[in-house]
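The chain contents come next:
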Amino acid sequence: MKKLVMEGPKKCKFIDVDMPVIENDTDVLIKNRYCGVCMSEHYDWTTAKEGKSFGHEPIGTVVAVGKAVTKVKAGDRVSGLFSGHAEYDVTDEKNVFLIPDELSDTAAILEPLSCLVSAVSKVRIQVVGDRVAVVGCGYMGCGAIALLKTRGAYVVAVDIRKECLEDAKRYGADEVYTPDELPAHYMDEPGKDIGFQSQGLGFKTVMEWGETAESLDLAIRMTRMCGQLALGAYHTGGKRLVDIQQLNVKAIDCLSTHPREVEINRTACANAVQMLCNGSWDFKNVPTKVYPWSEFDRAQEELTTKYGKYMKAVVDYEKENFEPYIID
């Protein structure tokens, strides 16, 4: 079978390796169809050393199962928390989730969706109608906006790109702004002399998905005294400079929402399927660009220029060569 490995920075290759085999009674053998291209891997792709692999957002079809497996059977379409860097993978059935017919392949790539469910579940919304700011409105930011709406939040979206703000409105944002357009009272920047008068400024809750030093700084400035700053990104890349003084003086509750609890992510996978199917989470029709497996590097390269064209990229593991195309 084919497996993706890096030759060096920005240069991958596909090598032939042995197929994985079922070794345990609860194992599931899966033939991957698509694998999502994640922005969290982009920096590592630009600096990759020989032999490194990428791919953690798979969807595929069950080929065989261990004798104790009860969740799925051969022929079932599945996604979940297993590897997508090769044509086939073996994982425990706990990491595999059946995809109903009403969900398309590209809509049902569960790993990033589970991260969103986990992240938004940690956000502090005290009263239905509370205002929550989302800074950064790419794929993850828009998914978070749509989920925050299911929790009854009034969402104010911020991004440097007008195209992303249009996407934010599409997925439920109540107000959208570029940083330069933000109303003055949406910032809490009283300087060194912070007192109770600042309680009416800024937001009690801010989610940050921009993955840049500038977006993080803006999110801190928008968080009011004793508010919650929920960080959704920053898996990879260089160090960011954080305004610790403002975090401290405003007594901001800084929460990392990047999931590391496997059981929560498994529950989030199952819940994501249910919410997408019953319509409570409006995040099924995401513009997605499909690349052949031979053009993984191109898919990574174009991540930084996708805005206003598509929101998500996937690699097709069944086809080697075709002109990439966008689907909704």
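Definitions and limits used
Residues numbered from 1 in each chain as written. Predicted model: local features only at pLDDT ≥ 70, side-chain atom pairs only at ≥ 80, totals over all residues. Heavy atoms only, no water. Helix = DSSP H or I, 4+ residues; strand = E, 2+ residues; numbered from the N terminus. Buried < 20%, exposed > 50% of the residue type's maximum accessible area, 1.4 Å probe, protein only. Phe/Tyr/Trp six-rings, centres within 6.5 Å; stacked < 30°, edge-to-face > 60°. Axes fitted to C-alpha atoms, helices over the stretch in contact; angles between N-to-C directions. Parallel < 35°, antiparallel > 145°, perpendicular 65-115°, else oblique. Left-handed = near helix turned anticlockwise from the far one by under 90°. Contact = heavy atoms within 4.5 Å. Nonpolar A, V, L, I, M, F, W, Y, C, P; charged D, E, K, R; others polar. Pairing = 2+ DSSP bridges. Right-handed = clockwise from strand over helix to strand, strands pointing away.

Within the chain, Lys-10 stands out as a residue other than glycine whose phi angle is a positive 60°. Residue placement: Lys-10 occurs in the loop between β1 (2–8) and β2 (11–16). Taking the relative accessible area as the measure of exposure, Lys-10 reaches 42% and is therefore partly exposed. Positive phi, close to 65°, is recorded for Glu-211, a residue that is not glycine. Relative to the helices and strands, Glu-211 resides in the loop between β11 (203–208) and α5 (213–222). Residue classification places Glu-211 among the partly exposed positions, given a relative accessible area of 25%.

It is worth spelling out the packing of aromatic side chains at this point. Counting across every chain of the model gives 9 aromatic pairs. Centre to centre, the rings of Phe-14 and Trp-293 are 4.7 Å apart; their planes meet at 65°, and the pair counts as edge-to-face. Of the two residues, Phe-14 is situated in strand β2 and Trp-293 in the loop between β14 (288–292) and α8 (296–301); the sequence distance between them amounts to 279 residues. For Trp-293, a relative accessible area of 10% gives the class buried. Plain terms: the ring middles of Phe-14 and Tyr-317 are 6.3 Å apart, the flat faces sit at 80° to each other, and that makes the pair edge-to-face.

Below, the discussion takes up the packing of helix α2 (residues 110–121) against helix α3 (residues 139–150). Across the interface, α2 lies against α3 with an axial gap of 10 Å and an inter-helix angle of 50°. The orientation of α2 relative to α3 falls into the category oblique. Crossing hand, α2 versus α3: right-handed. Facing α2, whose interface residues are Pro-112, Leu-113, Cys-115, Leu-116, Val-117 and Val-120, α3 presents Tyr-139, Met-140, Gly-143, Ala-144, Leu-147 and Leu-148. Taken together, the residues of the contact of α2 with α3 sort by class into 11 nonpolar, 1 polar and no charged.

Attention now moves to the environment of Ala-168. Tracing the sequence through the fold places Ala-168 in helix α4 (residues 162–170). Residue classification places Ala-168 among the buried residues on the basis of a relative accessible area of 0%. As a C-alpha pair, Ala-168 and Val-135 span 33 residues in sequence and 11 Å in three-dimensional space. The contacts of Ala-168, once residues within four sequence positions are left out, are Cys-137, Cys-142, Ile-145, Ala-157, Ala-173 and Val-176.

Moving on, we get to the pairing of strand β9 (residues 154–158). By the criterion of burial, β9 is predominantly enclosed, with 4 of the 5 residues buried. The pairing of strand β8 (residues 131–135) with β9 spans 5 bridges and is parallel. Paired with Val-132 across the two strands is Val-155, which belongs to β9. In this fold, β8 hands off to α3, which returns the chain to β9; that crossover is right-handed. The pairing of β9 with strand β10 (residues 175–177) spans 3 bridges and is parallel.

This part covers the environment of Val-158. Mapped onto the fold, Val-158 is located in strand β9. Between the alpha carbons of Val-158 and Val-134 there is a distance of 6.2 Å; along the sequence they are 24 residues apart. When near neighbours in sequence (up to four residues on either side) are disregarded, Val-158 contacts Val-134, Val-135, Gly-136, Cys-137, Leu-165, Tyr-177, Thr-178, Pro-179, Leu-182, Leu-218 and Met-222.

Spatially, the 6 strands line up as an open sheet ordered β10-β9-β8-β11-β12-β13, and their pairing is parallel. The sheet is open, and its two borders are formed by β10 and β13 (253–256), each paired with just one other strand. Here the average twist between neighbouring strands, direction ignored, is 20°. Examined bridge by bridge, β11 and strand β12 (residues 223–231) share 5 bridges and lie parallel to one another. Within β12, the position partnered with Met-207 by the bridge is Ala-230.

In short, geometric facts, not functional conclusions.
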